[in-house]
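# Structural description and commentary
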Amino acid sequence: MKAHDGMYIAGAWRPAATGDTIPVVNPVDEEVIAHVPAGTAADVDAAVRAARAALPAWSATPPAERAARIGAVRDGLVARKDEIAATVTAELGAPLPFSEAVHAGVPILVAGSYADLAATYAFEEKVGNSTVYAEPVGVVGAITPWNYPLHQIVAKVAPALAAGCTVVLKPAEDTPLTAQLFAEIVHEAGVPAGVFNLVTGLGPVAGQALAEHDGVDLVSFTGSTAVGKRIGAAAGAAVKRVALELGGKSANVILPSADLAKAVNVGVANVMANSGQTCSAWTRMLVHTSRYDEAVELARKAAAKYGDRIGPVVSAKQQDRVRGYIERGVEEGARLVAGGPEAPREQGYFVSPTVFADVTPGMTIAQEEIFGPVVSLIRYEDEADAETIANGTVYGLAGAVWAADDAEAVAFARRLQTGQVDINGGGFNPLAPFGGYKQSGVGRELGAHGLAEYLQTKSLQF
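The rules we used
- Residues numbered from 1 in each chain as written.
- Predicted model: local features only at pLDDT ≥ 70, side-chain atom pairs only at ≥ 80, totals over all residues.
- Heavy atoms only, no water.
- UniProt positions renumbered as here; feature names shortened; annotations may be inferred.
- Pairing = 2+ DSSP bridges.
- Helix = DSSP H or I, 4+ residues; strand = E, 2+ residues; numbered from the N terminus.
- Contact = heavy atoms within 4.5 Å.
- Axes fitted to C-alpha atoms, helices over the stretch in contact; angles between N-to-C directions.
- Polar contact = N/O pair within 3.5 Å; in protein donor to acceptor, adjacent residues only side chain to side chain.
- Buried < 20%, exposed > 50% of the residue type's maximum accessible area, 1.4 Å probe, protein only.
- Arc of directions from axis to C-beta.
- Parallel < 35°, antiparallel > 145°, perpendicular 65-115°, else oblique.
- Nonpolar A, V, L, I, M, F, W, Y, C, P; charged D, E, K, R; others polar.
- Expected span 1.5 Å × (residues − 1).
- Left-handed = near helix turned anticlockwise from the far one by under 90°.

- Going by an unreviewed UniProt entry, the chain carries the name Aldehyde dehydrogenase and comes from Streptomyces lasiicapitis.
- Of the chain, the UniProt comment under Sequence similarities (unreviewed entry) reads exactly: "Belongs to the aldehyde dehydrogenase family."

In structure tokens:
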């Protein structure tokens with residue numbers, strides 16, 4: 001798609017406050033494919049003012065009508081699915097089949113789920129002699145990441161609109177074209193002017209201005225824990241609500257009774273998806289000592305299949321970051337089983353699918369989020385040891401447990417300090433709440449729990 005040279009504010013594309021731009025780079029060939037405006041505090045202020053002006057009418061719109069607009073957005077996503085996939089592939093570097101199935105496909109499911117929820121959610125209920133109303137929190141500042149650019153937008157904007165909120169979106173500077181395409185779809189869907197607004201720009205400039213703006217009632221942010229802490233601190237000073245979906249270092253716990261080959265192969269595939277750029281990826285594979293050597297060999301073979309199947313990471317900065325972690329793993333004594341820090345291609349921001357064995361729980365690669373195609377195999381002695389290792393990071397976003405039967409896996413999963421656990425390869429559910437414990441975040445996305453993040457309650461006693 002052709003990039004817009006302005007901001008989408010109050011239902012129209014408007015010139016940015018300055019002529020400064022941000023280049024958009026294709027990670028496969030390192031070529032600049034577009035430029036988008038570098039938004040400033042002035043652009044953010046204009047967008048927030050538009051959102052505030054649109055709030056009274058949109059919040060008073062019957063839920064069924066809000067549902068119809070979200071349904072129209074969903075239809076627009078379907079109609080332009082091929083264009084969405086091509087755009088994500090161009091600016092993120094994901095292989096086209098993955099972009100078609102995941103980057104374009106999942107947002108359709110999520111948008112559809114909120115069209116349904118907006119029409120059926122209990123915005124009013126009787127509790128004894130009280131009537132309790134669920135009302136929109138107000139203007140939402142949505143700050144989204146680059147790794148799943150459209151999914152993260154829809155997972156914030158759709159529930160916010162369903163709740164009756166208005167939105168100002170600041171997308172990641174690496175993947176702004178997908179956000180502009182989404183703005184076109186929102187416009188075509190007939191969402192009233194000012195209900196959704198888009199400002200492109202850098203995080204420390206436009207993102208910070210949005211998070212700190214007095215006219216924003218809730219900041220919904222997905223990204224690093226470090227940035228999330230800063231947003232939380234700024235919001236706390238203003239007693240402003242936040243929803244933070246942050247980092248992860250998820251454990252893939254393979255109990256001795258499990259189908260080892262299946263657990264290892266699915267586990268490696270989970271980390272390699274999206275070139276490892278998934279906050280919920282099962283990057284720590286925990287295997288009982290009696291089956292550890294077999295698991296290492298299975299992981300080595302599995303990783304070898306992905307050499308030509310995964311795309312690059314998003315940028316040169318991200319490539320350097322991931323390769324730096326791989327070097328750190330070698331320095332700290334982990335055994336390199338597959339891959340390594342050397343770039344597999346001369347052009348593009350590629351990282352080799354990498355597997356480490358003999359990783360101990362305290363190593364840097366076992367504690368910090370790498371955000372690349374890197375799997376760390378850690379041995380454990382018994383279930384108590386596995387539980388300690390799995391819970392032994394500052395994160396608690398996701399995870400997996402494998403066992404001979406679901407009941408055994410569930411019993412262990414209930415002891416994990418994490419927000420979402422896949423049992424024996426359980427599939428993605430767009431209605432299930434997603435979010436983390438500990439420093440993986442505050443609040444939940446998706447389904448009814450995600451809608452509730454954008455609501456506040458009022459009770460009337462009779």
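### Here we look at the sheet that holds strand β17 (residues 399-402)
- Ordered in space as β14-β15-β16-β13-β12-β17-β18, the seven strands form an open sheet in which the pairing is mixed. Here the strands that pair on one side only, and so sit at the sheet edges, are β14 (335-338) and β18 (422-423).
- Seen against the sheet, helix α14 (residues 383-390) touches β12 (251-254), β13 (284-288) and β16 (374-380) and runs at an angle of roughly 145° to β16.

### Here we look at the side chain of Q152
- By the secondary structure assignment, Q152 is in helix α6 (residues 149-163).
- Side chain to side chain, Q152 and T222 meet in a polar contact 3.4 Å long.
- With sequence-adjacent residues up to four places away left out, Q152 is seen in contact with T144, P145, T222, E245 and E445.

### With respect to α14
- Burial in α14 covers these residues: A386, I389 and A390. What you see down the axis of α14 is that its buried residues fit within an arc of 95°, all on one side.
- Taken together, the buried residues of α14 touch β12, β13, β16 and α15 (406-413).
- One side-chain oxygen of the residue at the start of α14 lies 3.3 Å from the amide nitrogen of A384, identifying that residue as D382.

### Concerning the packing of helix α3 (residues 81-92) against helix α7 (residues 176-188)
- Put simply, α3 and α7 touch, their axes get as near as 8 Å, and they point 160° apart. Classified by the interaxial angle, the pair formed by α3 and α7 is roughly antiparallel. Only P176, L177, T178, L181 and I185 of α7 make contact with α3, whose side of the interface consists of E83, I84, T87, V88 and E91.
- Taken together, the residues of the contact of α3 with α7 break down into six nonpolar, two polar and two charged.

### Comments concerning the UniProt feature "active site" (unreviewed entry) in the chain
- Here, the residues flagged by UniProt with the feature "active site" (unreviewed entry) are E245.
- Inspection of the secondary structure puts E245 in strand β11 (residues 241-245).
- Among all residues touching E245, those that are not within four sequence positions of it are Q152, F221, T222, G223, C279, L397, F434, S440 and E445.

### Focus: the environment of D406
- For D406, the location among the structural elements is in helix α15.
- Each C-alpha atom of the pair D406 and W282 lies 19 Å from the other, and the pair is 124 residues apart in sequence.
- Ignoring sequence-local partners within four residues, the contact set of D406 consists of I423 and N424.

### Brief notes about the UniProt feature "domain: Aldehyde dehydrogenase" (unreviewed entry) in the chain
- In this structure's numbering, the residues bearing the UniProt feature "domain: Aldehyde dehydrogenase" (unreviewed entry) are residues 13-459.
- With 43% helix and 19% strand, residues 13-459 has end C-alpha atoms that lie 40 Å from one another.

### Description of helix α2 (residues 63-79)
- The terminal C-alpha atoms of α2, which comprises 17 residues, lie 24 Å apart, in line with the 24 Å expected from a rise of 1.5 Å per residue.
- All of the buried residues along α2 are R66, A67, I70, G71, V73, G76 and L77.
- Next to the buried residues of α2 lie α1 (41-59), α3, α5 (105-120), α6 and α7.

### Description of the packing of α2 against α5
- Where α2 meets α5, the closest approach of the two axes is 8 Å, and the angle between their N-to-C directions is 165°. Accordingly, the angle class assigned to the pair α2 and α5 is roughly antiparallel. The interaxial crossing formed by α2 with α5 has left-handed handedness. Every residue of α5 that contacts α2 at P63, A67, I70, G71, R74, L77 and V78 is listed here: P107, I108, A111, G112, Y114, A115, A118 and A119.

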